[in-house]
Amino acid sequence: MSQLIGLLVVVILIAGALVFSGSPALASALPFELALIGGAGFGTLLIGNSPRITREALGGFAKAMRGSKWKRSDYTDLLTGMHELMRRARRGGIVAIEADIEAPQSSPIFQNRPRLLADPAAVSLITDSFRLLALNPGGRAPVAAHLEEAIATTAETRHRAVGALNGLADALPALGIVAAVLGIIKTMSQIDQSPDVLGPLIAAALLGTFLGVFLAYGIVGPIAGRFGQVVDEEMRYLDTIRALICSWQEGVAPATAVELVRSSLPMDLRPSLQDIDASMTKVETLPVRRKDRVA
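Residues numbered from 1 in each chain as written. Predicted model: local features only at pLDDT ≥ 70, side-chain atom pairs only at ≥ 80, totals over all residues. Heavy atoms only, no water.

## Description of the packing of aromatic side chains
Applying the stated rule across the entire model yields 4 aromatic pairs. Each member of the aromatic cluster is reached from another via a ring pair, and the members are Trp70, Tyr75 and Tyr237. (Phe/Tyr/Trp six-rings, centres within 6.5 Å; stacked < 30°, edge-to-face > 60°.)

## Some details on the nonpolar core
Taken as a class, soluble globular proteins show a tendency for nonpolar side chains to be buried jointly. Of all hydrophobic cores here, the largest spans 67 residues; its most connected members are Met82, Ile126, Phe130 and Ile241. Going through the elements one at a time, α2 (24-48), α3 (51-66), α4 (72-92), α6 (108-111), α8 (120-135), α9 (140-188), α10 (195-249) and α11 (254-264) are the ones with two or more residues in this core. Sorting elements by how many residues they give to this core places α10 first, with 21 residues. Every residue in contact with phenylalanine 130, bar those within four places of it in the chain, is listed here: Met82, Leu85, Met86, Ile94, Ile97, Ile101 and Trp248. (Core = buried A, V, L, I, M, F, W, Y, C linked by side-chain atoms within 4.5 Å. Buried < 20%, exposed > 50% of the residue type's maximum accessible area, 1.4 Å probe, protein only. Helix = DSSP H or I, 4+ residues; strand = E, 2+ residues; numbered from the N terminus. Contact = heavy atoms within 4.5 Å.)

## Examining the packing of α8 against α10
With their axes 10 Å apart at the nearest point, α8 and α10 run at an angle of 20 degrees to one another. Taken together, the axes of α8 and α10 are roughly parallel relative to one another. Both α8 and α10 take part in a crossing whose hand is right-handed. In this structure, α8 contributes Ala121, Ala122, Leu125, Ile126, Ser129, Phe130 and Leu133 to the contact, and α10 contributes Tyr237, Leu238, Ile241, Ile245, Trp248 and Gln249. Each residue belonging to the contact of α8 with α10 can be placed in one class, and the counts come to 11 nonpolar, 2 polar and no charged. (Axes fitted to C-alpha atoms, helices over the stretch in contact; angles between N-to-C directions. Parallel < 35°, antiparallel > 145°, perpendicular 65-115°, else oblique. Left-handed = near helix turned anticlockwise from the far one by under 90°. Nonpolar A, V, L, I, M, F, W, Y, C, P; charged D, E, K, R; others polar.)

Structural data, given as structure tokens:
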């Protein structure tokens, strides 16, 4: 919400200043200049990036306005869901959660957490890690290395879209100069006209430079910066999964691992102990199999 308010403040102030200090010639040239610079900017985005990165970069405008998709309630669900998986695996071995990690779509643990289930990166990080543990129960290093590499790869992929938006912001001032040069060319073709004619033409030409700088530093640049912050905030969710699995793999009890990770989260995302306790008391609808029963 604060980003949307800030955007409105910037647009209203700059547009108001342009209206009060400008002329009818600027108003008539504004749509053309915006279409020229905006269209050229979109073209540079297409040229310099794959279609997937371009879509993600354009989606960054909406993400910057909405913020991170992971809220405190999502971390509550993650911590308690991981606790259930680790608890069962500790008592009955990885085989006790085999059905959960092989078919998460049909696992009540994941079904009861639809936002987690809807994120392929998070689900893959959990299931692949437990599969590695099943294949190599005593191998701690491979699992830790896999987690770090998977998170780093995901972060790099998502930051490419941020880089694409930053590249667009860097290109906009130059595209504004191009629009201004085109306006000057048009002005020079009428150099024999009176100052009353040349003045509005020159003002319209300079409008291109103004728009390029304004769009770059007033809108696209700040949005790209906020988009990068949102990506980093969402990567914390994956890093929380890594910390939980690594702690449990080191022999820490599931409840202790959950508390260690919970206490390390930022205050605005940290679930309370009451939230964790209330969520842990919910009975999973998964039928208890013989493998899960522990005396």
